[in-house]
Amino acid sequence: MIIVLKPSATEEDIAHIVDRVTGVGLSPFVKRGTERTIIGVVGDERLLASVPVSAFSGVETALPILSPYKLVSREFKQEDTVIDVEGVVIGGNRLVVMAGPCSVETSDSLLSVAEHVKAAGARILRGGAFKPRTSPYAFQGLGMEGLEYLSRAKEKTGLPIITEVMDPRDIPTMVKHADILQIGARNMQNFRLLSEVGTCSKPVMLKRGLSATIKEFLLSAEYILAAGNHRVILCERGIRTFETATRNTLDLSAVPVLKSLSHLPVIVDPSHAVGKTALVAPMAKAAVAAGADGLMIEVHENPEEALCDGEQALLPKALTALMSELRQIAHAVGRDL
Ligand code: PEP
Ligand code: MN
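Reading the values: rules and limits
Residues numbered from 1 in each chain as written. Chains lettered and ligands numbered in written order. Predicted model: local features only at pLDDT ≥ 70, side-chain atom pairs only at ≥ 80, totals over all residues. Heavy atoms only, no water. Helix = DSSP H or I, 4+ residues; strand = E, 2+ residues; numbered from the N terminus. Rg over C-alpha atoms; globule rule 2.2 N^0.38 Å. Buried < 20%, exposed > 50% of the residue type's maximum accessible area, 1.4 Å probe, protein only. Donors = N, O, S within 2.8 Å, 3.2 Å for Na, K, Ca; no water. Pairing = 2+ DSSP bridges. Axes fitted to C-alpha atoms, helices over the stretch in contact; angles between N-to-C directions. Contact = heavy atoms within 4.5 Å. Domains from an automatic or database assignment. Parallel < 35°, antiparallel > 145°, perpendicular 65-115°, else oblique. Left-handed = near helix turned anticlockwise from the far one by under 90°. Nonpolar A, V, L, I, M, F, W, Y, C, P; charged D, E, K, R; others polar. Polar contact = N/O pair within 3.5 Å; in protein donor to acceptor, adjacent residues only side chain to side chain. Disulfide = S-S within 2.5 Å. Near = heavy atom within 4 Å. Expected span 1.5 Å × (residues − 1). Arc of directions from axis to C-beta.

### Regarding the overall build of the protein
Right, so step 1: When you go through the protein residue by residue, the secondary structure sums to 10 helices and 14 strands.
Right, so step 2: In terms of overall size, the protein behaves like a compact globule, its C-alpha atoms giving a radius of gyration of 21 Å where 337 residues would be expected to give roughly 20 Å.
Right, so step 3: Expressed along its principal axes, the backbone C-alpha trace of the protein runs to roughly 65 × 45 × 40 Å.
Right, so step 4: Buried positions account for 53% of the 337 residues belonging to the protein.

So this is what it looks like as structure tokens:
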């Protein structure tokens, strides 16, 4: 439910409403606008029946939020969410490119690729320390050691770090190294993990599940917001279809759909969507044209030797070339890069 307050509502009115709503076990979120304050209320809606909200002093109207997801919806918040990650703004007019290797391999190789992607214009460094691999015999990532390497690369380049968290038990250590916590596609519906990152002070990038509908995707994001963390970024990374020519099928229509249903920033990961180096650039360009707020792209200096996802990695020089094309497309759609 959204409680719209009168312009004349006082701080006492707000405190009283928050108190009553909290008292029946619901969670209120107060948003102070320039003209009006609204209070979003989420939780078991049956509990609301015992609170005569419309009768409270300062209340103009109380409206139900009709979508199944509440806090992530445009109904709850009309203006785009803009997230500041160590000075890099995600969701504003300027697009952001997150780039780096699929997995952290050695400290030297990470540092070298970090310097290259920075020079190309990427503003966030990606790299997995904990890798969700289909086979238990495949390289699982360097774990905590990988996090140390990421911190070292940040120290040297100044690039904020995004890295995947797979296990709630790792979160206390991960927040010391990561600037954005990534929830991978395979964990999109790991609800305990979602609630746990929802209590963190770090922004979270949630990747769409392999077979998730947009409704399921947004409901997963809702778990994070409902736990208190409103700094969530959505990432379309391809879904499973009958098509086998590409690793997954990049659902580009998800970009305008998500942007219309939700106020959260939307990033596109063409690398995992297509799974082939040659297809990354065209889909990255299409994503910018479709209105994405940024891209996540895998880059490796020696894809043949990569421990993970070498077949979809761009060489640093290919990223540099792509960036200048992306810039032109960004300008054509009224954005900066
Ligand atoms: C990744 O970004 O490293 C990754 C594993 O991606 P996804 O979860 O989208 O498969
Ligand atoms: Mn990968």
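### A word on the coordination of the manganese ion (ligand 2)
Right, so step 1: Donor atoms from the polypeptide that bind the manganese ion (ligand 2) are C102 (SG), H272 (NE2), E298 (OE) and D309 (OD), placed at 2.0 to 2.4 Å.
Right, so step 2: The sequence pattern describing where the donors of the manganese ion (ligand 2) fall on their chain is C-x169-H-x25-E-x10-D. With a gap of 26 residues between them, H272 in helix α8 (residues 270–274) and E298 in strand β14 (residues 294–298) connect regions that are remote in the sequence. Of the two residues, H272 and E298, neither departs from the other in class, the shared state being buried.

### A look at the sheet that holds β14
Right, so step 1: Here 8 strands make up a closed barrel; going around it, the order is β7-β8-β9-β10-β11-β12-β13-β14 and the pairing parallel. The average undirected angle you get between the axes of adjacent strands in this sheet is 25°.
Right, so step 2: Looking at chain direction, strand β10 (residues 180–183) and strand β11 (residues 204–207) are connected through 3 bridges and run parallel. Paired with Q182 across the two strands is M205, which belongs to β11.
Right, so step 3: Taken strand by strand, helix α6 (residues 214–226) contacts β11 and β12 (232–236), and its axis lies near 160° from that of β12.

### Quick look at the domain arrangement of the protein
Right, so step 1: Looking at the protein, the domain boundaries give domain 1 (2–63) and domain 2 (83–332).
Right, so step 2: The gap between the C-alpha centroids of domain 1 and domain 2 is 37 Å.

### Topic: the packing of α6 against helix α7 (residues 254–261)
Right, so step 1: At a closest axis distance of 11 Å, the pairing of α6 and α7 adopts a crossing angle of 50°. It follows that α6 is oblique to α7 by the angle criterion. Between α6 and α7 lies a crossing of right-handed hand. Along the contact surface, α6 presents I214, F217 and L218, while α7 presents A254, V257, L258 and L261.
Right, so step 2: Of the residues assigned to the contact of α6 with α7, the class counts are 7 nonpolar, no polar and no charged.

### Notes on the side chain of E236
Right, so step 1: Its place among the elements puts E236 in strand β12.
Right, so step 2: Classification of E236 by relative accessible area gives buried; the value is 0%.
Right, so step 3: There is a polar contact of 3.2 Å between the side chain of E236 and the backbone nitrogen of D251.
Right, so step 4: Once you skip the residues sitting within four places of it in the chain, E236 turns out to touch R208, T249, L250, D251, A254, I267, V268 and D269.

### As for the state of the cysteines
Covalent bonding between the sulfur atoms of two cysteines is what defines a disulfide.
Right, so step 1: In the structure shown here, the tally under the stated rule is 0 disulfides.
Right, so step 2: Left without a disulfide partner, C200 is nearest to the cysteine sulfur of C235, which lies 19 Å away.
Right, so step 3: Judged by its relative accessible area of 13%, C200 falls in the buried class.

### Quick word on the site of ligand 1
Right, so step 1: In the vicinity of ligand 1, the residues found are R126, K131, P132, E164, Q182, G184, A185, R186, K207, R237 and H272.
Right, so step 2: Contacts to ligand 1 include R126, whose side-chain N or O atom sits 2.8 Å from an oxygen atom.
Right, so step 3: Residue Q182 places a side-chain N or O atom 2.9 Å away from an oxygen atom belonging to ligand 1.

### Quick notes on the packing of helix α2 (residues 107–120) against helix α3 (residues 144–157)
Right, so step 1: At a closest axis distance of 9 Å, the pairing of α2 and α3 adopts a crossing angle of 40°. Taken together, the axis directions place α2 and α3 in an arrangement best described as oblique. As for the relative orientation of α2 and α3, their crossing is right-handed in sense. Contacts between α2 and α3 involve S107, L110, L111, A114, E115 and K118 from the former and Y149, L150, R152, A153, K156 and T157 from the latter.

### A look at helix α9 (residues 277–290)
Right, so step 1: Given a rise of 1.5 Å per residue, 14 residues ought to cover 20 Å, and the 21 Å separating the end C-alpha atoms of α9 matches this to within 8%.
Right, so step 2: Regarding α9, the residues found buried are V280, A284, A287 and V288. For α9, the angular spread of the buried residues around the axis is 95°, confining them to a single face.
Right, so step 3: In this structure, the buried residues of α9 make contact with β13 (266–268), α8, β14 and α10 (316–332).
Right, so step 4: Of the residues flanking the end of α9, it is G291, one or two places downstream, whose phi is positive at about 105°.

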